[in-house]
Amino acid sequence: MARTKRAKVVSLTQTKAKTREHKENLIETIRESANQYAYVWIFAVSNMRNTYLGEVRKLWTGSKIFFGKLRVIAKALGETPEEEIRPGLGHIAKRLRGNVGLLFTDSPPAEVLDWCMDYRRLDYARMGNRATETIELPAGPVYCRTDPPETLPHSIEPQLRALGMPTQLKRGVPTLLENFVVCRKGEKLTAERAQILKHLIVQMAHFRLIPLTYWSAVGAPGDDSEGAVVDVPVSEEDRELIEDSRTGGRKDHEDEMPEDEMDAIEARDQAMMMPPGL
């Protein structure tokens with residue numbers, strides 16, 4: 001029989017599609033965790049990085065963290081009083097919107113809140129993040145923020161021009177022909193400005209977990225019934241970080257970002273950095 005000449009769709013991604021069995025296993029794991037632990041937390045993530053999320057998982061050994069697949073998580077918990085696997089968990093399922101995850105733990109609320117207050121990791125800002133300071137470069141050689149400051153390597157100069165910087169190579173050193181404002185404090189960064197900050201070794205973003213709500217199997221202050229749901233006060237600064245994380249270049253604010261997509265973004269960002277040692 002002759003081989004068909006019909007065009008075939010070939011996927012270029014290396015990510016394997018999740019099967020129905022994988023989905024069912026995840027639902028079962030979530031339900032087991034919900035029945036095992038005394039507290040279920042909803043947390044927002046500021047400046048998501050898979051590297052740091054992996055670090056958090058190791059630090060919370062003995063607890064369980066789920067991030068991504070919010071629709072599956074909500075289904076596992078049950079969204080109505082008839083479907084919820086423990087009293088009150090339906091309120092948690094209904095609040096799974098945006099860039100959030102779940103922490104299942106036996107640690108008391110005070111301990112979780114103190115940990116979230118202390119834990120943060122500094123990293124490079126991405127498009128959509130707000131600048132935490134004004135960066136204005138004077139005319140002359142372009143220096144990166146090292147100690148002591150060093151001029152950028154000559155190989156990076158074409159990239160600087162492509163990113164909108166008025167530079168020229170003089171005696172092998174990338175040189176600004178005039179003063180240049182990279183960013184102003186409080187403004188949202190474009191992709192180009194975020195990349196310039198990476199070349200300058202300027203980090204403006206913090207990876208953080210921001211607690212929003214928790215469910216308690218043992219009751220809460222003023223409410224000793226099983227299934228109490230407590231909202232955590234959120235500062236204006238944290239609200240701004242949460243909103244930025246929801247709208248940072250994504251079209252669907254209601255949907256979560258899969259972890260394999262976050263891996264691809266981080267790999268792309270790393271590829272755009274200067275080679276080590278330069």
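Residues numbered from 1 in each chain as written. Predicted model: local features only at pLDDT ≥ 70, side-chain atom pairs only at ≥ 80, totals over all residues. Heavy atoms only, no water.

Looking up the protein in an unreviewed UniProt entry gives the name Ribosome assembly factor mrt4, with the organism given as Malassezia arunalokei. According to the UniProt record, the Sequence similarities (unreviewed entry) comment for the protein is "Belongs to the universal ribosomal protein uL10 family." As stated in UniProt under Subunit (unreviewed entry), the record for the protein gives "Associates with the pre-60S ribosomal particle." (UniProt positions renumbered as here; feature names shortened; annotations may be inferred.)

Draft legend 1. The nonpolar core, seen in detail. Formed by 28 residues in total, the largest nonpolar core has its most connected members in Leu77, Leu102 and Phe104. Put simply, the parts of the chain that give this core at least two residues each are α1 (20–36), β1 (39–46), α3 (70–77), α4 (89–94), β3 (100–105) and β12 (205–216). The residues touching Phe104, leaving out its near neighbours within four places in the chain, are Ile30, Ser33, Ala34, Tyr37, Tyr39, Val40, Ser63, Lys64, Phe66 and Leu77. Counting residues in each nonpolar core, the second largest holds 22 residues, with Val142, Leu189, Leu197 and Val202 among its members. (Core = buried A, V, L, I, M, F, W, Y, C linked by side-chain atoms within 4.5 Å. Buried < 20%, exposed > 50% of the residue type's maximum accessible area, 1.4 Å probe, protein only. Helix = DSSP H or I, 4+ residues; strand = E, 2+ residues; numbered from the N terminus. Contact = heavy atoms within 4.5 Å.)

Draft legend 2. Molecular detail of helix α5 (residues 109–118). All buried positions along α5 are accounted for by Pro109, Val112 and Cys116. Along α5, the residues classed as buried sweep out an arc of 65° about the axis, all on the same side. Across from the buried face of α5, at angles greater than 90 degrees, the exposed residues are Ala110, Asp114, Met117 and Asp118. Packing partners of the buried residues in α5 comprise β1, β3 and β12. (Arc of directions from axis to C-beta.)

Draft legend 3. Structural context of the sheet that holds strand β6 (residues 140–141). Overall, antiparallel pairing links the three strands, which are arranged β6-β10-β9 in an open sheet. The open sheet terminates on both sides in strands that have one partner only, identified here as β6 and β9 (167–170). Pairing geometry for β6 and strand β10 (residues 173–176), over two bridges, is antiparallel. Considered in β10, the bridge of Gly140 is made with Leu176. (Pairing = 2+ DSSP bridges.)

Draft legend 4. Quick peek at the packing of aromatic side chains. Scanning all chains against the criterion turns up seven aromatic pairs. Seen in terms of ring centroids, Trp60 and Trp115 are 5.4 Å apart; in terms of plane orientation they differ by 80°. Their pairing is edge-to-face. With Trp60 in the loop between α2 (50–59) and β2 (64–67) and Trp115 in helix α5, the pair connects residues that are 55 residues apart, well separated along the chain. Its relative accessible area of 8% is what places Trp60 among the buried residues. Three or more aromatic residues joined by ring pairs make a cluster, and in this case those are Tyr52, Trp60, Trp115, Tyr119 and Phe207. (Phe/Tyr/Trp six-rings, centres within 6.5 Å; stacked < 30°, edge-to-face > 60°.)

Draft legend 5. Just the environment of Gly140, in detail. Along the chain, Gly140 falls in strand β6. Among all residues touching Gly140, those that are not within four sequence positions of it are Pro174, Thr175 and Leu176.

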